[in-house]
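# Structure at a glance
The primary structure of each chain is shown beneath.
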Amino acid sequence: MKKLLIIFLIICICFSMSACGDKEEPNPIIRIGVFEPFSGTDGVMGMKETLGIQYAHHLQPTVKINGQTYDVELVYADNASSQSQCTQVAENLLEEDVVLVLGSYGSEYSLAAAPVFEKAGVAAVGISCTAPTITENFDCYYRICIQDFHQGAALANFAYSEIGATKVLCLSQVGNEYAQGLANGFKKAASQFDIDVVKVDFAENCTDFSPYLSAITEQGIDAVFAPCSVRYGKLIVEAMGAQEEAVPVFGGDTWDNDAIRDCAVGKNFRIYTSTFYAEGGSTSFESGYKQWLEENENALASNGGTYDVAAVTVMGYDAYNLALAAISKAGSTHHADILAVMPNVGSSGGCGLINFDDTGDAIRNSIYGSSPLEIR
């Protein structure tokens, strides 16, 4: 019996070793940082941008590097819509050994974190941060959206060719990089069409725009351009609704937002906005994304409980796929190698083909910002 027991144990041990030998080793992991506002004033839009990243990761959770398959892990960092917190949040994110960073919604947050990424030599892909200085001042940043100047110029062209505007009131927040960039782009392009631009800067935390809008009747204004956040946009739309004389209102990409749409209901004027993507632009993306939302209760809740497709969501999807293209092209898991290949990376996504110019700005084969959306 003892001999039989010993033989039985030997057989069991051999079987166990054989089984362990046949077991597949897990894939190594490579980490991509997601630097976005998940809370604070821009939390809603930061989450919508992140949903595009998550959907792309759902479709392609791995990447091949020199024939080896790596599992991609997303590492999230909430900058809390706070410029003062961005530096520390960015530093904490880099401690997680991320090889590349995606984000942030809000140019001011990207600008605040950029010195941290630059010093570390880690590539950052700007998804919807439009301020020109992001790519002009920081070699680590590569932007896939159209920058402020081009949006402003597109809206000026639309104001002239479609609305026939001759005198436009431009309301922009003083000291805000995004607002001033769009305002300056609009004003420069407007001069080519002989549009008179009355530029007025308002202070942070302004809550009453009625005094500014009084210029509509006092100075013969026939359109208003307000490149500002959703927070101020809603106040401007409400104040415009209370005016005796209403004129068309233009907003930048931030106005492509459900909150603005809801605020515009019942108003006696039209609102136009530039955007990075117009719904219907990619039916294949949209059908897949909506199916994913239907199957993912948390994602649907993060999308506001609706199946609407935000432009920043499509941009987030494109940014993730571009990140994988950069990692594959580098053939390396080292962040310095990935940064080195960024100028020569190209990718095709929901918004079209993406390549970069010498500054790190997108060269795209489609620009939805040149055709502002009428949202009423």
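Located above this text is the structure these notes cover.
Now for a description of the structure that goes with this document. (Residues numbered from 1 in each chain as written. Predicted model: local features only at pLDDT ≥ 70, side-chain atom pairs only at ≥ 80, totals over all residues. Heavy atoms only, no water.)

## Section: the packing of aromatic side chains
What counts is decided by this rule: Between the rings of Phe, Tyr and Trp (Trp by its six-membered ring), a pair exists once the centres lie within 6.5 Å; its type follows the angle of the planes, with under 30 degrees stacked, over 60 edge-to-face, and the other angles tilted. Secondary structure elements follow DSSP: runs of H or I no shorter than four residues count as helices, runs of E no shorter than two count as strands, and numbering proceeds from the N terminus. Throughout this description, buried means an accessible area under 20% of the type-specific maximum (1.4 Å probe, protein chains only), exposed means over 50%, and partly exposed covers the range between.
Scanning all chains against the criterion turns up 20 aromatic pairs. For the pair Phe-158 and Tyr-272, a centre-to-centre distance of 5.2 Å together with 55° between the ring planes defines the contact as tilted. With Phe-158 in helix H6 (residues 148–163) and Tyr-272 in strand E11 (residues 271–273), this pair connects stretches of sequence that are 114 residues apart. Ring centres 6.3 Å apart and planes at 70° place the aromatic pair Phe-209 and Tyr-232 in the edge-to-face group. Of this pair, Phe-209 sits in the loop between strand E8 (196–202) and helix H8 (210–213) while Tyr-232 sits in helix H10 (residues 230–241), placing them 23 residues apart in sequence. In this structure Phe-209 comes out as buried when scored by relative accessible area, which is 1%. Relative accessible area serves as the criterion here: at 3%, Tyr-232 is assigned to the buried category. Each member of the aromatic cluster is reached from another via a ring pair, and the members are Tyr-55, Phe-285, Tyr-289, Trp-292 and Tyr-317.

## Describing the pattern of salt bridges
Under the convention used in this document: Each reported salt bridge corresponds to a side-chain nitrogen of Lys or Arg within 4 Å of a carboxyl oxygen of Asp or Glu.
All told, the structure shown has seven salt bridges when counted by the stated rule. With a closest N to O distance of 3.3 Å, Lys-48 and Asp-258 form a salt bridge. With Lys-48 in helix H2 (residues 43–59) and Asp-258 in helix H11 (residues 258–264), this pair connects stretches of sequence that are 210 residues apart. Taking relative accessible area as the criterion, Asp-258 reaches 27% and is therefore assigned partly exposed. Among the ionic pairs, Lys-290 bridges to Glu-279, the shortest N-O distance being 3.6 Å. With Lys-290 in helix H12 (residues 283–295) and Glu-279 in the loop between E11 and H12, the pair connects residues that are 11 residues apart, well separated along the chain. For Glu-279, a relative accessible area of 45% corresponds to the partly exposed category.

## Concerning the environment of Ala-203
Structurally, Ala-203 can be placed in the loop between E8 and H8. Taking the C-alpha atoms as reference, Ala-203 lies 8.3 Å from Gly-175; in sequence the two are 28 residues apart.

## Observations concerning the side chain of Ser-110
Note the following rule: Counting of polar contacts relies on pairs of N or O atoms within 3.5 Å, with two restrictions inside protein: one atom must be capable of donating a hydrogen and the other of accepting it, and residues adjacent in sequence are counted only when both atoms are side-chain atoms. Contacts: residue pairs with any heavy atoms within 4.5 Å of one another.
Following the sequence through the fold, Ser-110 ends up in helix H4 (residues 107–120). Among the polar contacts listed, one links the side chain of Ser-110 to the backbone nitrogen of Ser-104, at a separation of 3.0 Å. Those residues within four positions of Ser-110 in sequence are excluded, and the remaining contacts are Gly-103, Ser-104, Cys-129, Ile-134 and Tyr-141.

## Some details on the sheet that holds strand E2 (residues 62–65)
Rules: A pair of strands counts as paired when DSSP detects no fewer than two bridges linking them. Axis lines are fitted through C-alpha atoms, for helices just across the contact stretch, and the angle between N-to-C directions can take any value from 0 to 180 degrees.
Spatial ordering of the open sheet is given by E2-E3-E1-E4-E5-E6, a layout of six strands whose pairing is mixed. Of all the strands in the sheet, the pair left with one neighbour each is E2 and strand E6 (141–143). For this sheet, the mean angle separating the axes of adjacent strands, direction not counted, is 30°. Bridging between strand E5 (residues 123–126) and E6 involves three bridges; their strand directions are parallel. Residue pairing across strands places Ala-124 opposite Tyr-141, the latter belonging to E6. Across the sheet, H2 lies against strand E1 (29–36), strand E3 (68–78) and strand E4 (100–102), angled at about 170° from E3, the strand it touches most.

## Quick look at the packing of H2 against H12
Geometrically, a packed helix pair is captured by the angle between its two axes and the distance between the axes. Threshold: Note that the term roughly parallel is reserved for angles under 35 degrees, roughly antiparallel for angles over 145, roughly perpendicular for angles of 65 to 115, and oblique for everything else. Residue type decides the class: Asp, Glu, Lys and Arg count as charged, Ala, Val, Leu, Ile, Met, Phe, Trp, Tyr, Cys and Pro as nonpolar, and the leftover types, Gly among them, as polar.
Taken N-terminus to C-terminus, the directions of H2 and H12 make an angle of 90°; their axes are 11 Å apart at the nearest point. With respect to H12, the axis of H2 lies roughly perpendicular. Residues Leu-51, Gln-54, Tyr-55 and His-58 of H2 form the contact with H12, whose own contacting residues are Phe-285, Gly-288, Tyr-289 and Trp-292. Of the residues that constitute the contact of H2 with H12, the class distribution is five nonpolar, three polar and no charged.

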